[in-house]
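Residues per chain are reported as follows:
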Amino acid sequence: MAKEVLEVIRQRRSVRSFLPQPVAPELIMTLLEAAVWAPSAGNLQPWQFYVVRAPEAKAKLARAAGQAFVAQAPVVIVACALPEQSAAVYGSRGRLLYCLQDVAAAVQNMLLAASSLGLAACWVGAFREEAVVQALNLPPEVRPVVLLPLGYGGETAVAPPRHPLSRVVQWVD
Ligand SMILES: Cc1cc2nc3c(=O)[nH]c(=O)nc-3n(C[C@H](O)[C@H](O)[C@H](O)COP(=O)(O)O)c2cc1C
């Protein structure tokens, strides 16, 4: 039974340690379905998702990020933007902003879906883009935005604190 959305939002954590246990393809497909139901500017859906399970490719992604735990995950979903698709409709705002926001929304959907299904994951944004392009042989129109290592968690992550709302919210009445 899936948890309530607010509970999942609150309990989701970045997990950086994974058990070797594989993830069933049906679960991966469920996450990808969640991804594509994210909102996107003009509903352009300017994204592509690479599901990486090959050990050598995962090792290359981990090296591109300088983060070894990426290779430990049984699956790494590489969420990519198609900037020129957005630019064709929205110009530079599409190229530089909307397509990245669209991918970010899709990634957050996957993180929440993963958490609700008992899977562990981590948003990895720090990587050498060119190295990821090479690792996956991406065509020039595809920009890798997020690496999402995914699996069954090998640790219980502690929730990092949040700024209080009083610091981050301004009410304009
Ligand atoms: C844009 C972005 C980039 C991130 N890049 C990395 C990363 O490269 N490596 C990593 O371990 N975590 C990365 N994170 C995860 C954050 O460190 C994490 O979300 C934050 O510390 C809050 O912890 P929580 O996700 O458990 O709430 C990234 C998160 C975001 C949104």
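Up top is the structure these notes are about.
Caption draft 1: Structural view of the packing of aromatic side chains. Summed over the entire model, instances satisfying the criterion amount to two aromatic pairs. Judged by centre distance (6.0 Å) and plane angle (45°), the rings of tryptophan 47 and phenylalanine 49 are tilted. Each member of the pair, tryptophan 47 as well as phenylalanine 49, carries the same accessibility label: buried. Between tyrosine 90 and tyrosine 98, the aromatic rings sit 5.1 Å apart at their centres with planes inclined by 80°, giving edge-to-face as the arrangement.

Caption draft 2: Looking closely at the pattern of salt bridges. Within the structure shown, the criterion is met by three salt bridges. In this structure, the salt-bridge partner of glutamate 84 is arginine 95, at a minimum N-O distance of 2.9 Å. A relative accessible area of 46% places glutamate 84 in the partly exposed class. Put simply, arginine 143 and glutamate 129 hold a salt bridge, and the shortest N to O gap is 2.9 Å. Taken together, the residues span a long stretch of sequence, with arginine 143 in strand 4 (residues 143-151) and glutamate 129 in helix 6 (residues 129-136) at a distance of 14 residues. Note on glutamate 129: relative accessible area 31%, which makes it partly exposed.

Caption draft 3: Structural context of helix 5 (residues 83-116). The terminal C-alpha atoms of helix 5, which comprises 34 residues, lie only 30 Å apart, well short of the 50 Å expected from a rise of 1.5 Å per residue. The principal kink in helix 5, of about 155°, is found at tyrosine 90. Backbone geometry just downstream of helix 5 places glycine 118 in the positive-phi region, at approximately 80°.

Caption draft 4: Just the environment of serine 40, in detail. Inspection of the secondary structure assignment puts serine 40 in the loop between helix 2 (25-36) and strand 1 (47-52). Beyond its immediate chain neighbours, meaning those up to four positions away, serine 40 contacts Gln45, Pro46, Trp47 and Asp102. Among the polar contacts made by the side chain of serine 40, one reaches the main-chain amide nitrogen of leucine 44 at a distance of 3.3 Å.

The rules behind the values
- Residues numbered from 1 in each chain as written.
- Predicted model: local features only at pLDDT ≥ 70, side-chain atom pairs only at ≥ 80, totals over all residues.
- Heavy atoms only, no water.
- Phe/Tyr/Trp six-rings, centres within 6.5 Å; stacked < 30°, edge-to-face > 60°.
- Buried < 20%, exposed > 50% of the residue type's maximum accessible area, 1.4 Å probe, protein only.
- Salt bridge = Lys/Arg side-chain N within 4 Å of Asp/Glu carboxyl O.
- Helix = DSSP H or I, 4+ residues; strand = E, 2+ residues; numbered from the N terminus.
- Expected span 1.5 Å × (residues − 1).
- Bend = angle between axes of the 7 residues up to and from the residue.
- Contact = heavy atoms within 4.5 Å.
- Polar contact = N/O pair within 3.5 Å; in protein donor to acceptor, adjacent residues only side chain to side chain.

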